[in-house]
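Chain residues, written in single-letter form:
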Amino acid sequence: MLKNPRTADLAAVTHLRQELARLVDSYDTSPSVAILPDASRLHSEVNLLRAHATGEAVRRALRGVEAAAANFMGQLVWDASQRRNAQAALNYYDQAAHAARQNNDAESEAQARLRRSFIALYSEGDPKSGLTQATQAAQLASRCGDRTLAAVALLHVGEANAIMGERSACERALSKAESHLGRMDDDDRPDEFTSAGQLNRLAGSCYLRLGEPKRAQALLEGVPAGIQERRKSHAIVLGNLALAHLRQRDLDGATEMLHQVIDRSRKLAAAVRSTSCSPPAVSCDHGGTGPTSRKSWTGRSR
């Protein structure tokens, strides 16, 4: 097919979508640097096929996979560079947003804008830009009826306001996010990570920034134990718990949390070594409408 990209059909697009879903599903248990080569290869294949495909149905389907693959590549290169290579990630998000707009796909564009807000907040130190991007992501997600994505975007609206010391605006955003999560129906596929996991983790981070470590600790300790299976998310929770203890001058509690963070880091390092020998065993059944469905975002906001 790659030798003659004009022959790409919808069956080929489905195969690419399944491959991307497999890679996305491995994100929480595998280091980004181990996923990056396969994700980059797939991204290049999608670009090649989209550039030469004939027939609007196939081109449209490929643009959908292109948006999802570019969003995922941006996430991976930022992770793998330890959040230093922001420009490369931004380039991927621009590509994702462009493909999404061509398809009138508000959900994929919202994901690209949300990811841009992460870079503004956690790499560039620009909470105003982060607030703008997260707000736009929430609006786009609401427009397409994706309550989960809207809630995650609003949680980051809250964090942007917390960074700027805007308590009232932060708490309004957290309240709106909680409202979205509370209104999810069966089609939204809520789970423990979407509700208590996301809300408590991001709200805890907000209150740390607002100078309330005791309240932050209570929220972070309410994150479900099941999130431990998602190593990267759990490491963030543990790191924030360490800060919460430290800011209450509880050195023993902070030390205990830091030891757990170190243990998590060692397990991730071991995963890097193991993935160099064999690929991770992951399911191809993504459980959503595509590789960037709601489940691919819950528990993976940062």
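The rules behind these values
- Residues numbered from 1 in each chain as written.
- Predicted model: local features only at pLDDT ≥ 70, side-chain atom pairs only at ≥ 80, totals over all residues.
- Heavy atoms only, no water.
- Axes fitted to C-alpha atoms, helices over the stretch in contact; angles between N-to-C directions.
- Helix = DSSP H or I, 4+ residues; strand = E, 2+ residues; numbered from the N terminus.
- Parallel < 35°, antiparallel > 145°, perpendicular 65-115°, else oblique.
- Left-handed = near helix turned anticlockwise from the far one by under 90°.
- Contact = heavy atoms within 4.5 Å.
- Nonpolar A, V, L, I, M, F, W, Y, C, P; charged D, E, K, R; others polar.
- pLDDT = per-residue confidence, 0-100.
- Salt bridge = Lys/Arg side-chain N within 4 Å of Asp/Glu carboxyl O.
- Buried < 20%, exposed > 50% of the residue type's maximum accessible area, 1.4 Å probe, protein only.
- Expected span 1.5 Å × (residues − 1).
- Polar contact = N/O pair within 3.5 Å; in protein donor to acceptor, adjacent residues only side chain to side chain.
- Core = buried A, V, L, I, M, F, W, Y, C linked by side-chain atoms within 4.5 Å.
- Phe/Tyr/Trp six-rings, centres within 6.5 Å; stacked < 30°, edge-to-face > 60°.

1. A word on the packing of helix H5 (residues 106–122) against helix H6 (residues 127–143)
Part 1 of the reasoning: In the contact formed by H5 and H6, the axes pass within 8 Å of each other and the chain directions differ by 160°. Classified by the interaxial angle, the pair formed by H5 and H6 is roughly antiparallel. H5 and H6 meet at a crossing whose hand is left-handed. In contact with Ala106, Glu109, Ala110, Arg113, Leu114, Arg116, Ser117, Ala120 and Leu121 of H5, H6 contributes Pro127, Ser129, Gly130, Gln133, Ala134, Gln136, Ala137, Leu140, Ala141 and Arg143.
Part 2 of the reasoning: Counted by class, the contact of H5 with H6 contains ten nonpolar, five polar and four charged residues.

2. Overview of the confidence of the model for the protein
Part 1 of the reasoning: With 78% of its residues at a pLDDT of at least 70, the protein reaches an overall mean of 82.
Part 2 of the reasoning: At the level of individual helices and strands, the protein shows its lowest average pLDDT in helix H12 (residues 251–275), which scores 72, and its highest in H6, which scores 97.
Part 3 of the reasoning: Low pLDDT (under 50) marks residues 189–193, which in the prediction has 15 contacts with non-local residues, meaning those over four places away or in another chain.
Part 4 of the reasoning: A low-confidence stretch, residues 275–301 stays under pLDDT 50, and its non-local contacts, those more than four residues away or across chains, total 75 contacts.

3. Here's the deal with the pattern of salt bridges
Part 1 of the reasoning: Scanning the entire structure with this criterion turns up 13 salt bridges.
Part 2 of the reasoning: Between Glu212 and Arg167 there is a salt bridge, with its nearest N and O atoms 2.5 Å apart. Residue Glu212 is found in the loop between helix H9 (193–209) and helix H10 (213–220), and its partner Arg167 is found in helix H8 (residues 167–182); the two are separated by 45 residues along the sequence.
Part 3 of the reasoning: You can call Arg167 partly exposed: its relative accessible area is 31%.
Part 4 of the reasoning: Its salt-bridge partner being Arg215, residue Glu212 comes within 3.9 Å of it at the nearest N-O pair.
Part 5 of the reasoning: For Glu212, a relative accessible area of 23% translates into the label partly exposed.
Part 6 of the reasoning: Salt bridges sharing partners connect three or more residues here, namely Arg167, Glu171, Glu212 and Arg215.

4. Side note on helix H3 (residues 56–80)
Part 1 of the reasoning: Between its first and last C-alpha, H3 extends 35 Å over 25 residues, near the 36 Å set by a 1.5 Å rise per residue.
Part 2 of the reasoning: Gln82 lies just past H3 and shows a positive phi near 55°.

5. A closer look at H5
Part 1 of the reasoning: Between its first and last C-alpha, H5 extends 24 Å over 17 residues, near the 24 Å set by a 1.5 Å rise per residue.
Part 2 of the reasoning: Among the 17 residues in H5, 15 count as buried, and that is most of the element.
Part 3 of the reasoning: A distance of 3.2 Å separates the backbone nitrogen of Glu107 from a side-chain oxygen at the start of H5, and that oxygen is part of Asp105.

6. Some points on the nonpolar core
It is characteristic of soluble globular proteins that their nonpolar side chains tend to be buried jointly.
Part 1 of the reasoning: Grouped together as the largest cluster of nonpolar side chains are 67 residues, with contacts concentrated most on Leu20 and Phe72.
Part 2 of the reasoning: No other element matches H3, which puts twelve residues into this core.
Part 3 of the reasoning: Membership of the second largest hydrophobic core comes to seven residues, among which are Val237, Leu241, Ala242 and Met257.

7. Topic: the packing of aromatic side chains
Part 1 of the reasoning: Per the stated rule, a full pass over the model turns up two aromatic pairs.
Part 2 of the reasoning: Ring geometry for Tyr27 versus Phe72: centroids 6.3 Å apart, planes at 70°, classification edge-to-face. On the criterion of sequence distance, the pair formed by Tyr27 in the loop between helix H1 (10–25) and helix H2 (32–52) and Phe72 in helix H3 is long-range, its members being 45 residues apart.
Part 3 of the reasoning: A relative accessible area of 4% means that Tyr27 is categorised as buried.
Part 4 of the reasoning: Using a relative accessible area of 4% as the deciding quantity, one classes Phe72 as buried.
Part 5 of the reasoning: Taking 6.3 Å as the distance between ring centres and 40° as the angle between the ring planes, the aromatic pair formed by Phe118 and Tyr122 counts as tilted.

8. A closer look at unusual backbone geometry
Part 1 of the reasoning: Phi at Gln82 is positive, roughly 55°, even though this residue is not glycine.
Part 2 of the reasoning: In this structure, Gln82 sits in the loop between H3 and helix H4 (86–102).
Part 3 of the reasoning: Taking the relative accessible area as the measure of exposure, Gln82 reaches 55% and is therefore exposed.

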